[in-house]
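# Geometric and topological summary
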Amino acid sequence: MPLPPSRKTRALLAYLALNRRSFRREHLCELLWEIPDDPRGSLRWSLSKLRRLVDDEAHPRIVADRASVGFDASDVAIDVVTLKNVADSDLEAQGSEALEQAAARYGGHFLEGLELPNFHEFDAWAVAERELATRAQARILEALTRRLAADPERALPHARALV
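Residues numbered from 1 in each chain as written. Predicted model: local features only at pLDDT ≥ 70, side-chain atom pairs only at ≥ 80, totals over all residues. Heavy atoms only, no water.

### Structural notes on the packing of aromatic side chains
Our working definition: Stacked, edge-to-face and tilted labels apply to pairs of Phe, Tyr and Trp rings (six-membered ring for Trp) whose centres lie within 6.5 Å, assigned for plane angles under 30 degrees, over 60, and everything in between, in that order. Here the term buried applies to any residue with accessible area under 20% of the maximum for its type, exposed to any over 50%, and partly exposed to those in between, with areas from a 1.4 Å probe on protein chains only. What counts as a helix is a DSSP run of H or I of at least four residues, what counts as a strand is a run of E of at least two, and both are numbered from the N terminus.
Following the criterion strictly, the structure yields four aromatic pairs and no others. On the numbers, 4.9 Å between centres and 40 degrees between planes, the contact of Y15 with F23 is tilted. In this structure, Y15 and F23 share a single accessibility class: buried. Between Y15 and W125, the aromatic rings sit 5.0 Å apart at their centres with planes inclined by 75 degrees, giving edge-to-face as the arrangement. Of the two residues, Y15 sits in helix α1 (residues 7-18) while W125 sits in helix α6 (residues 120-147), which places them 110 residues apart along the sequence. For the pair Y15 and W125, one class covers both residues: buried. Of the aromatic side chains, those joined through ring pairs into one cluster are Y15, F23, F110, F122 and W125.

So this is what it looks like as structure tokens:
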């Protein structure tokens with residue numbers, strides 16, 4: 001789905017969606033906004049943009065009150081979460097199609113182009129998540145490459161992606 005143009009709003013969505021808990025508004029302000037600006041106003045603005053993107057009438061996914069903000073991902077498929085779940089499962093028990101789907105759904109690098117180097121806590125979190133996702137992708141691609149060794153044409157794209 002098309003994401004908001006604001007990098008901080010996209011970063012907020014990723015942070016909330018992957019951390020399955022609520023955060024104090026102050027924490028989110030410190031994480032993504034500079035103090036001289038109006039961080040609480042910026043957070044409210046970003047949340048209003050995200051609500052339009054992810055909420056629907058039947059299910060509000062941005063769950064917020066005066067003190068905290070969270071994301072209800074109970075009925076949402078998140079590519080990196082699916083990737084990690086598949087990679088952490090018994091790969092030998094998974095069908096080739098399931099592995100190929102998980103590998104194909106996760107394209108590029110985690111939060112590619114969303115670096116916020118002046119926000120050290122967020123940047124450290126993003127780097128750690130990127131590393132976890134890269135390792136999960138590599139485990140799946142290695143399993144596919146081994147499994148499809150007898151079918152080089154089918155294995156080749158996975159071997160290339162692994163490299």
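### A few points about the sheet that holds strand β3 (residues 68-71)
To summarise the sheet geometry, strands pair through backbone hydrogen bonds and adopt either a parallel or an antiparallel arrangement. Rules: Note on pairing: DSSP must find at least two bridges between two strands before they are called paired. Any two residues having at least one pair of non-hydrogen atoms within 4.5 Å are treated as being in contact. Lines fitted to C-alpha atoms define the axes here, with helix axes fitted over just the stretch in contact, and angles between the N-to-C directions of these axes take values from 0 to 180 degrees.
The strand order across the open sheet formed by three strands is β1-β3-β2, and the pairing between neighbours is antiparallel. On the outer flanks of this sheet lie β1 (23-24) and β2 (62-64), each paired with one strand and no other. Where β2 and β3 come together, three bridges link them in antiparallel fashion. Bridging from a neighbouring strand, I62 pairs with F71 of β3. In this fold α1 packs onto β1 and β3, with an angle of close to 75 degrees to the strand it touches most, β3.

### Re the environment of A67
Relative to the assigned elements, A67 resides in the loop between β2 and β3. Those residues in contact with A67 that sit more than four places away from it in its chain are F23, R24, R25 and E26.

### Points about the pattern of salt bridges
The test is simple: What makes a salt bridge here is a side-chain nitrogen of Lys or Arg within 4 Å of a carboxyl oxygen of Asp or Glu, nothing more.
In the structure shown here, the tally under the stated rule is 11 salt bridges. With its nearest N and O atoms 3.0 Å apart, the salt bridge here joins R139 to D88. Of the two residues, R139 sits in helix α6 while D88 sits in helix α4 (residues 79-88), which places them 51 residues apart along the sequence. On the accessibility criterion, R139 (33% relative accessible area) is partly exposed. The exposure class of D88 is exposed, given its relative accessible area of 59%. In this structure, E100 engages R154 in a salt bridge whose closest nitrogen and oxygen atoms are separated by 2.8 Å. One end of the pair, E100, is in helix α5 (residues 96-105); the other, R154, is in helix α7 (residues 152-162), with 54 residues separating them in the sequence. If you follow the salt bridges from partner to partner, you end up with R24, E26 and R40 in one network.

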